[in-house]
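A closer look at the structure
As a plain string of letters, each chain reads:
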Amino acid sequence: MTTDEHPLTDLDELVHQRARLGILAMLREAAKVDFVRLRDTLGLTDGNLARHLQVLSEAGLVSTKKAQSRTWVSLTAAGRKAFDKELAALRALVERFG
Amino acid sequence: MSVSDLVGEIEGVRRRTRRASSGAAVPLALLGLLVALAAPVYALASDSNTFYGPGPAYGELTLPLAEPTFLDRLLWVHSTSTRYDGIGWYWLLAAPLAFAAIAAYYHLRARRTGLSIDGWRVAAVGGVVFGALVATMAYGALANAGWGFGDGIRPGDLVSPFLVVALGVFVLAWVERSVTAAVAGVAYVAALGFGHWATFESQLNNGWQGPFSWGFMVLWLGVVLLVAAGVAGLAQRTRRA
């Protein structure tokens, strides 16, 4: 986008949803996060979290892997980029409108 | 929820995750132990500071005076001029054990917290650090060969397994994003430099003869890392409280 465009145009609807932003935020800080840890930290139900992960996974933003009776979730390169871009857009909004 | 609240919430989640997933105390303590436990070996080696082999420890064992092989030199590399291969063996055996202990700690921590670092990254770093250790010792062995006693500080003296430990501490600081570990690394390198200088300057540097003897110098180095581990542990507890 050009600098004259409205910051809202930079927001990604898929990423912008609050729970998904929370998931991506956690994954940005640890290489892999356990499903249970995500669920408990973000206060989601199993079904709710599974649904969000499915959406993010289908968009290629996260990947999941089962190991030793646990499901580990990690951020893909595209996910990292999408999260950073979303956070930058949100900060730009805060800066512009308070 | 306003946008600024949302940004604040995201930052909060990131901060809490970072706190929960980081902690350099245990790896620092393990590296400190690795160094501190080398002290008796260095003390023993320097106690027999002679070209004719260690005295007290080996009793009447006569070491061969033939031209040493490369492997002999590799295993002798340290900062004294003895024919004592305990130091080489110590690093070759204890360093992989320390690495395995650190890897086990990360594995257990991931299972406990549900937050994990990249296993391949730890393995790669461990491989590189151990490779650097062996390369360091090989360099020391080659550089020290033929260097006469009394010629001053030999090239190989300046590159020792202790510097590889320093590398490990800085890698740890990077992986954990730990300021404490970074400061510990700087303090450790400074102590290492001072220790080399003080030991060469000291007239009583064999065994445990004085504070600047080889035994104590190595022990102090380990203590630097152990103290840093204590500080990191306290900081972790405070942050999580």
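Source: prediction; values computed, not measured. Residue positions are given per chain, counting from 1 as you read along its sequence in written order. Whichever chain is written first is A, and whichever ligand is written first is 1; the rest continue in order. For this predicted model, a pLDDT threshold of at least 70 governs which residues receive local features, and a threshold of 80 or more governs which side-chain atom pairs are given and counted, while totals over whole chains, interfaces and linings are taken from all residues. Values reported for side chains reflect all heavy atoms of the structure, with hydrogen atoms and water molecules removed beforehand.

**Quick word on the overall build of chain B**
Strands are runs of DSSP state E lasting at least 2 residues, helices are runs of H or I lasting at least 4, and numbering of each runs from the N terminus. When helices and strands are tallied, chain B shows 10 helices and 1 strand. Taken from N to C terminus, the helices and strands of chain B fall in the order α-α-α-α-α-β-α-α-α-α-α. Residues counted as buried form 47% of the 241 residues belonging to chain B. Here a residue-residue contact requires only that any non-hydrogen atoms of the pair lie within 4.5 Å. Counting contacts in chain B only where the partners sit at least 6 residues apart, residues at least 24 apart contribute 69% of the total. As presented, chain B carries roughly 11,500 Å² of accessible surface, and 69% of it is formed by carbon and sulfur atoms. Type-normalised accessible area, obtained with a 1.4 Å probe on protein chains alone, sets the label of each residue: buried when under 20%, exposed when over 50%, and partly exposed for intermediate values. What sets the accessible areas is the Shrake-Rupley method with a 1.4 Å probe; for residues, cover comes only from the shown protein chains.

**Observations regarding the overall build of chain A**
On a plain count of helices and strands, chain A comes out with 5 helices and 3 strands. N-terminal to C-terminal, the α/β element order of chain A is α-α-β-α-α-β-β-α. Taken across its 98 residues, chain A has 39% of its residues classed as buried. Of the contacts made within chain A by residues no fewer than 6 positions apart, 56% connect residues no fewer than 24 positions apart.

**A word on the interface of chain B and chain A**
A common way to state how big an interface is: give the accessible area lost once the parts meet. Tallying the contact residues gives 24 residues for chain B and 23 residues for chain A. Computed with a 1.4 Å rolling probe, the buried area is the accessible surface lost when two parts are put together, summed over both parts. For the pairing of chain B and chain A, the buried interface totals around 2,200 Å² over both sides, and the portion due to carbon and sulfur atoms is 58%. On the chain B side of the contact with chain A, B:Ile10, B:Arg14 and B:Arg111 bury the most area, a combined 26% of that side's loss. The working definition used for a salt bridge is a side-chain nitrogen of Lys or Arg within 4 Å of a carboxyl oxygen of Asp or Glu. The tally of links between chain B and chain A comes to 5 salt bridges. Residues adjacent in sequence count toward polar contacts only when both atoms are side-chain atoms; beyond that, a polar contact is any pair of N or O atoms within 3.5 Å, and within protein one must be able to donate a hydrogen and the other to accept it. The interface formed by chain B and chain A includes 10 residue pairs in polar contact (both at pLDDT 80 or more). Elements supplying a minimum of two residues to the side of chain B that touches chain A: α1 (3-21), α5 (86-113) and β1 (115-116) of chain B.

**What about the pairing of strand β2 (residues 62-67) of chain A?**
At least two bridges found by DSSP between two strands are what make those strands a pair. Note that β2(A) and strand β3 (residues 70-75) of chain A share 6 bridges and pair antiparallel. Residue pairing in the sheet places A:Lys65 in a bridge with A:Trp72 of β3(A).

**Considering the nonpolar core**
Among the nonpolar cores identified, the biggest contains 46 residues, and B:Leu28, B:Trp91, B:Phe162 and B:Leu225 are the most heavily contacted of them. Listed by contribution, the elements that provide at least two residues to this core are α2 (25-36), α3 (39-47), α5, α6 (119-144), α8 (161-176), α9 (179-201) and α10 (214-240) of chain B. When sequence neighbours within four positions are dropped, the list of residues in contact with B:Leu28 reads B:Val169, B:Leu172, B:Ala181, B:Ala184, B:Leu225, B:Ala228, B:Ala229 and B:Ala232. To form a nonpolar core, buried Ala, Val, Leu, Ile, Met, Phe, Trp, Tyr and Cys residues must be joined to one another through side-chain atoms within 4.5 Å. By size, the runner-up hydrophobic cluster in this structure holds 30 residues, among which are A:Leu21, A:Ile23, A:Leu24 and A:Leu44.

**Side note on the sheet that holds β1(B)**
Spatially, 4 strands are ordered β2(A)-β3(A)-β1(A)-β1(B) in an open sheet, and the strand pairing comes out antiparallel. In this open sheet, the two strands that pair with only one neighbour each are β2 of chain A together with β1 of chain B. Where strand β1 (residues 32-34) of chain A meets β1(B), 2 bridges bridge the pair, whose relative direction is antiparallel. Paired with A:Lys32 across the two strands is B:Ser116, which belongs to β1(B). Seen against the sheet, helix α3 (residues 35-42) of chain A touches β1 and β3 of chain A together with β1 of chain B and runs at an angle of roughly 75° to β1(A). Angles here are taken between N-to-C directions and fall from 0 to 180 degrees, while the axes themselves are lines fitted to C-alpha atoms, restricted in helices to the stretch in contact.

**Looking at the pattern of salt bridges**
The tally for this structure, following the rule as stated, stands at 10 salt bridges over all chains. The partner of A:Arg70 in a salt bridge is A:Asp34, with the nearest N and O atoms 3.4 Å apart. Here A:Arg70 is found in strand β3, whereas its partner A:Asp34 is found in strand β1, with 36 residues between them in sequence. Note on accessibility: A:Arg70 and A:Asp34 belong to one class, buried. Here A:Asp40 makes a salt bridge to A:Arg39, at a shortest N to O gap of 3.0 Å. Among the ionic contacts, a cluster of salt bridges with common partners joins A:Glu29, B:Arg14, B:Arg18 and B:Arg177.

**As for the confidence of the model for chain B**
For any part of a model where pLDDT is low, the fine detail of the predicted coordinates should not be relied upon. Residue and element names in this part refer to chain B. What pLDDT reports is the predictor's confidence in each residue, on a scale of 0 through 100. Counting all residues, the mean pLDDT for chain B is 78, and 76% of those residues have values of 70 or more. Across chain B, α2 holds the top mean pLDDT of 96, while helix α4 (residues 70-76) sits lowest at 52. Between residues 49-69, whose pLDDT stays under 50, and residues either more than four places distant or in other chains, the model counts 34 contacts. A low-confidence stretch, residues 77-81 (pLDDT under 50), is modelled with 26 contacts involving residues beyond four sequence positions or located in other chains. With pTM at 0.78, the complex prediction returns an ipTM value of 0.82.

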